[in-house]
Structure formats: structure tokens, C-alpha cells
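Fold and geometry: a report
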Amino acid sequence: MDEGTFERAKEFARKLFEGDSSGHDIYHTIRVHDLARTICAQEGGDMDMVRLAALLHDVDDRKLFGDNGFMNARTFMDSESIPVEDQLFICDIISQVSFKGKDSVVPGTLEGKIVQDADRMDAIGAIGIARAFAYGGSKGRAMYIPGDAPKEGMSEKEYFSNQGTSVNHFHEKLLLLKDMMNTETAKRMAQHRHDYMVGYLDEFMSEWEGRL
Ligand code: ADP
Ligand code: NI
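Being a predicted model, the structure only gives us computed values, none of them experimental.

**Quick look at helix α7 (residues 110-121)**
The end-to-end C-alpha distance of α7, which contains twelve residues, comes to 16 Å, matching closely the 16 Å that a straight helix rising 1.5 Å per residue would cover. Inspection of α7 places E111, G112, I114, V115, Q116, D117, A118, D119, R120 and M121 among the buried residues, and these make up the whole buried set. The elements touched by buried residues of α7 are α2 (26-43), α3 (47-56), α6 (84-96) and α11 (184-208).

In C-alpha cells form, the structure reads like this:
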């Protein structure tokens, strides 16, 4: 695939996410692309498909665009004359990538597993912490409410309608991601980011309770 296609995919995503403050800025997309590339270089798989799927993975996000049949991704791929079977392959990856509580799916292809790992990697660690509070803030949610317990084992429906605090989001999603990574490369990278978040939450609680 022509390098220009990836550059134009980046521009396409940049325009769509302009002004978004819910963690879907273009830099998330670029980080996922770079992470997916790193993981693919270790794990194998079709690098072109991985890169294109990573760049397009959020362009039809349900939270931003509703259930639109991957219209944005398809419009872009049509404009690049991407063959229909490749378009279906990419849309399949996009449909399986997101976290849906206990209804999350394991992608059927290696390329899908890699893109899902990369997207989840960007939700944890130092950047994950920043994104969680930025997202919570954009929705007017509290950082933390004492006595407000995280919900366990949420279904897709419960997860998407949940209005919990940002600290609860760590327990409801972010701390679960390490064990949901598909590839060995991602599992190794996730461990470090996971430990960092655990340390951060520990520090947060100590400060909250005036122990530090
Ligand atoms: P992704 O593109 O990584 O699948 P999402 O669309 O689910 O991410 O959410 C964007 C970012 O906001 C992620 O970092 C995610 O962890 C965070 N986020 C999603 N829901 C919440 C929430 N209820 N509270 C705090 N952060 C959230
Ligand atoms: Ni994403």
C-alpha cells in the first residue's frame, strides 16, 4: 500500500476528531497506529492492514457517530480505491476492537488482535490515567466519590450506560485490560503500564485519606 494512503488516513481522522475532548483526539489515533506497528513487527501479520485499521479504528466510534455502518471508514477506503475484500477485513477489525465489559470480543484475525491490543494499551499507563480523567471531566463526572463502589462484570449495555466516577473506571475497565491482551508482545508492555496505574491509585487513595 502507498505510504500516501496512511498519511491521508491520518488527515481524514484529524478532521473528524477536530474539537473532541473525550479522548478521541488525533494523537490517540497516531499513538495506536505507532503501537500497532511496533506489535506487528514482533508478532507478524499484514502490516498494511494493521496500519490502516489502526488509523481508522475510531472514525466510526459509536459514542461520536452512532451506529452508522462504518460509513466514514468506507468513504475513506472508497476514495483510496481499496479493494472490497480488504475493506471488509478492515471493517471487521473496527467492529471488534472496542471494550464492551464482559461482552468484549476476541478478534478473529491476528491483525485484529494487534489493533485491539494497541488501542487498549493506550488506555492504560500514564497516558491512560490522563485520558480517564480527561474523559470523566468532559462528561462532568466526579474523580472519586467515597463509598461509591465500582460495578463488577458489566454487560455491554450496562458498560455503555454507566455514569460512574473516573476512579471507578480504573476498576471497571483499565485494571482488567492487562489480562485481556491478545499478543505476547502486548502482554509484556501492558504489565509495566499496569503496575504504574496500581501505584498511582495507591498514591491517590493515600493522599485522599490524608495519609501522605
Ligand atoms: P478506546 O478508543 O481506547 O476504545 P473509549 O472510546 O472507550 O476508548 O474511551 C476513550 C478514553 O476514555 C479511554 O482512555 C477510556 O478508558 C476513557 N473512558 C471511557 N469511559 C470512561 C469513563 N466512564 N470514565 C473515565 N474514562 C473513561
Ligand atoms: Ni481508540
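**Focus: the packing of aromatic side chains**
Applying the stated rule across the entire model yields eleven aromatic pairs. Between F99 and Y159, the aromatic rings sit 5.0 Å apart at their centres with planes inclined by 75°, giving edge-to-face as the arrangement. Placement of the pair is F99 in the loop between α6 and α7 and Y159 in helix α9 (residues 156-161), with a sequence separation of 60 residues. Here F99 matches Y159 in class, with each residue buried. An angle of 50° between the planes, with centres 6.2 Å apart, marks the rings of Y200 and F204 as tilted. On the criterion of helical spacing, the pair formed by Y200 and F204 is a turn pair, its members being four residues apart in helix α11. The exposure class of Y200 is partly exposed, given its relative accessible area of 28%.

Conventions adopted
- Residue numbers run consecutively from 1 along every chain, following the written order of its sequence.
- Chain A is the first chain written and ligand 1 is the first ligand written, with later ones labelled in order.
- Only residues with pLDDT of 70 or above have their local features reported here, since the model is predicted, and side-chain atom pairs are shown and tallied only from 80 upward, although totals for entire chains, interfaces and linings are computed over all residues.
- Only hydrogens and water are removed before side-chain values are computed, so all heavy atoms of the structure are retained for them.
- The way it works is that DSSP assigns letters per residue, a run of H or I at least four long becomes a helix, a run of E at least two long becomes a strand, and they are numbered from the N terminus.
- Each residue after the first adds 1.5 Å to the expected span of a helix.
- Partly exposed residues are those whose accessible area sits between 20% and 50% of the maximum for their type, while under 20% is buried and over 50% is exposed, using a 1.4 Å probe and protein chains only.
- Residue contacts are defined here by distance: any two heavy atoms, one from each residue, within 4.5 Å place the two residues in contact.
- A pair of aromatic rings is counted whenever rings of Phe, Tyr or Trp (Trp by its six-membered ring) have centres within 6.5 Å, and the orientation is called stacked for planes under 30 degrees apart, edge-to-face for over 60 and tilted otherwise.

Read these as spatial facts, not as claims about activity.
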